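Listed here are the chains, written in short residue letters.
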Amino acid sequence: MPGFEFFGAEERKEVNDVLETGILMRYGFDGARKGIWKSKELEAAVCATFGCNYAQLVSSGTAALTTAMSALGIGYGDEIILPAFTFVASFEAVLSVGAVPVLVDVDDTLTLSPEAVRNAITPKTKCVMPVHMCGSMADMDALAAICKEHNLILLEDACQSIGATYKGKKVGTIGDAGTFSFDFVKTITCGEGGVIMTNREDVYTACDGYSDHGHDHKGGMDRGADLHPFIGYNFRISELHAAVGLAQIKKLDNFLSIQRNNNKILRTILSSIPEVTFRRVPDEAGDSCSFLSWFLPTEAITKAVVAELKAQGILAGNFYWFVNNWHYISKWDHLKNSVTLSHLHPDLKAAVMHHANKDFSASNAVMGRCISTAISLSWTEEQIKTKGEQMKSVISKILEEHQVTA
Ligand SMILES: *Cc1c(COP(=O)(O)O)cnc(C)c1O
């Protein structure tokens, strides 16, 4: 899964280019930088690799979401529909622009249930934000149709699915805007970083200014001569981080082909157990395969398998999101109690608590039975087979104990 596994001479070379000039900032210093513009180069590479008209690099995936939401004009009074299974960054970004995170159920795709989205629409709904979790993708045709029908913004959180496609299009480039994270554990990494992709010039121009204190970047060589048509923040990426990403993006095709190969070997082994089923993928051919997500028949069996994997010391790399502190509603007590350091408007606070404390039994029925296995790039075929057989024997043992084996 993570690009950090293949860190090497290419990354060092790109970083050294920057160190040679000492210009660590992405803007300005035109003479001193001697033609080295790593951030601009990486933005062009993102456009070419993923097939979008515009890309704006920022300091993190979270900053990318905040920037995209601001650029799309989302804020006070607006509701954003997002899934109850995601990384905390998704709702953090919604709160950062003063909007209401309307969490709804996921289905067996582990992403937004289109039906749950429909049921959550109110006159205040402004945006639907699918999160393409664990390397795969949401049902984009269904979600795009809902957005079109209700005139809503479609913003993709594609932070976990770099390189996945849906019906031939790269995820993150299908909606009004989409984001990737390049943090240390993502498919390609900058150390820290993120990007907003869009085909809309207005959205790109707003992202460009917002992520750099509102600079319009029209002052030429003199940054001080830039104007600020609106208030922004500093979510800039540094040239050192962009340099790492530039080396990594060139390796993406290789990462994806290794992931797909390794994923397939593991899947074949687990498929031999009839009780194991797999996550539904709206476009199978487009799965980036950074995870293999699988289901057991019941929550009790799943918990027993997790406990046994742990007891045998082979749990590493297997994620039981249902009880994970960072990825699922079950453990987000800070959100359920709306614990913030700065004061929220009382109406927003009440809305946050209302939506975080709804009934998520449909999601529980899916997530309670799901385990995701992270696919490593560095596994040998031998290691995958050993891992697969170990997992298989644990699963078989527990199934026997629960007497559901045919
Ligand atoms: C990693 C991630 C983010 C945020 O990325 P950072 O770069 O760590 O801020 C957002 N959404 C999802 C689904 C993620 O997995």
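Please refer to the structure higher up on the page.
As the structure is a prediction and not an experimental result, all values here were calculated from the model.

1. Brief notes about the packing of helix α1 (residues 9-21) against helix α8 (residues 239-249)
Line of reasoning, step 1. Their axes nearest at 8 Å, the elements α1 and α8 cross at an angle of 150 degrees. When the axes of α1 and α8 are compared, the pair comes out roughly antiparallel. In terms of crossing hand, the pair formed by α1 and α8 is right-handed. Here E10, E11, E14, V15, V18 and L19 of α1 come into contact with α8, specifically with E239, L240, A243, V244, L246, A247 and Q248.
Line of reasoning, step 2. Partitioning the contact of α1 with α8 into residue classes produces eight nonpolar, one polar and four charged.

2. As for the sheet that holds strand β10 (residues 277-278)
Line of reasoning, step 1. Taken in spatial order, the four strands of this open sheet run β10-β11-β13-β12, and their pairing is antiparallel. Either end of the sheet is taken by a strand with one partner, and the two such strands are β10 and β12 (318-319).
Line of reasoning, step 2. Inspection of the sheet shows β10 paired to strand β11 (residues 291-295) by two bridges, in the antiparallel sense. Considered in β11, the bridge of T277 is made with F295.
Line of reasoning, step 3. Sheet strands touched by helix α9 (residues 252-271): β10, β11 and β13 (370-374). Its angle to β11, the strand with the most contacts, is close to 15 degrees.

3. Digging into the pattern of salt bridges
Pairing is possible between side chains of opposite charge, provided their charged atoms come close.
Line of reasoning, step 1. One pass over the structure, following the stated rule, counts 21 salt bridges.
Line of reasoning, step 2. Between E239 and R33 there is a salt bridge whose closest N-O contact spans 3.1 Å. You can see E239 sitting in helix α8 and its partner R33 sitting in the loop between α1 and α2 (38-50), a full 206 residues away along the chain.
Line of reasoning, step 3. Among the ionic pairs, K167 bridges to D141, the shortest N-O distance being 2.5 Å. Of this pair, K167 sits in the loop between β6 (165-166) and β7 (169-170) while D141 is found in helix α6 (residues 140-150), placing the two residues 26 residues apart along the sequence.
Line of reasoning, step 4. Judged by relative accessible area, D141 falls into the partly exposed class, the value being 41%.
Line of reasoning, step 5. Each of K13, E14, D17, K38 and K250 takes part in one network of salt bridges that share partners.

4. Section: the site of the ligand
Line of reasoning, step 1. Near the ligand lie 15 residues; those nearest to it are G61, T62, S181, D183 and K186.
Line of reasoning, step 2. Side-chain polar atom of D157 to a nitrogen atom of the ligand: 2.8 Å apart, as the coordinates give it.
Line of reasoning, step 3. Measuring from an oxygen atom of the ligand, one finds a side-chain N or O atom of D183 at 2.6 Å.
Line of reasoning, step 4. Contact with the protein chains covers 94% of the free accessible surface of the ligand, which is 380 Å².
Line of reasoning, step 5. Contributing elements (two or more residues each) for the shell around the ligand: α3 (61-71) and α4 (89-96).
Line of reasoning, step 6. In terms of residue class, the shell around the ligand is made up of four nonpolar, eight polar and three charged.

Conventions adopted
- Residues numbered from 1 in each chain as written.
- Predicted model: local features only at pLDDT ≥ 70, side-chain atom pairs only at ≥ 80, totals over all residues.
- Heavy atoms only, no water.
- Axes fitted to C-alpha atoms, helices over the stretch in contact; angles between N-to-C directions.
- Helix = DSSP H or I, 4+ residues; strand = E, 2+ residues; numbered from the N terminus.
- Parallel < 35°, antiparallel > 145°, perpendicular 65-115°, else oblique.
- Left-handed = near helix turned anticlockwise from the far one by under 90°.
- Contact = heavy atoms within 4.5 Å.
- Nonpolar A, V, L, I, M, F, W, Y, C, P; charged D, E, K, R; others polar.
- Pairing = 2+ DSSP bridges.
- Salt bridge = Lys/Arg side-chain N within 4 Å of Asp/Glu carboxyl O.
- Buried < 20%, exposed > 50% of the residue type's maximum accessible area, 1.4 Å probe, protein only.
- Near = heavy atom within 4 Å.
- Polar contact = N/O pair within 3.5 Å; in protein donor to acceptor, adjacent residues only side chain to side chain.
- Areas by Shrake-Rupley, 256 points an atom, 1.4 Å probe, with all protein chains shown as cover.

So, to be careful, I would describe these as geometric facts and stop short of saying anything about function.
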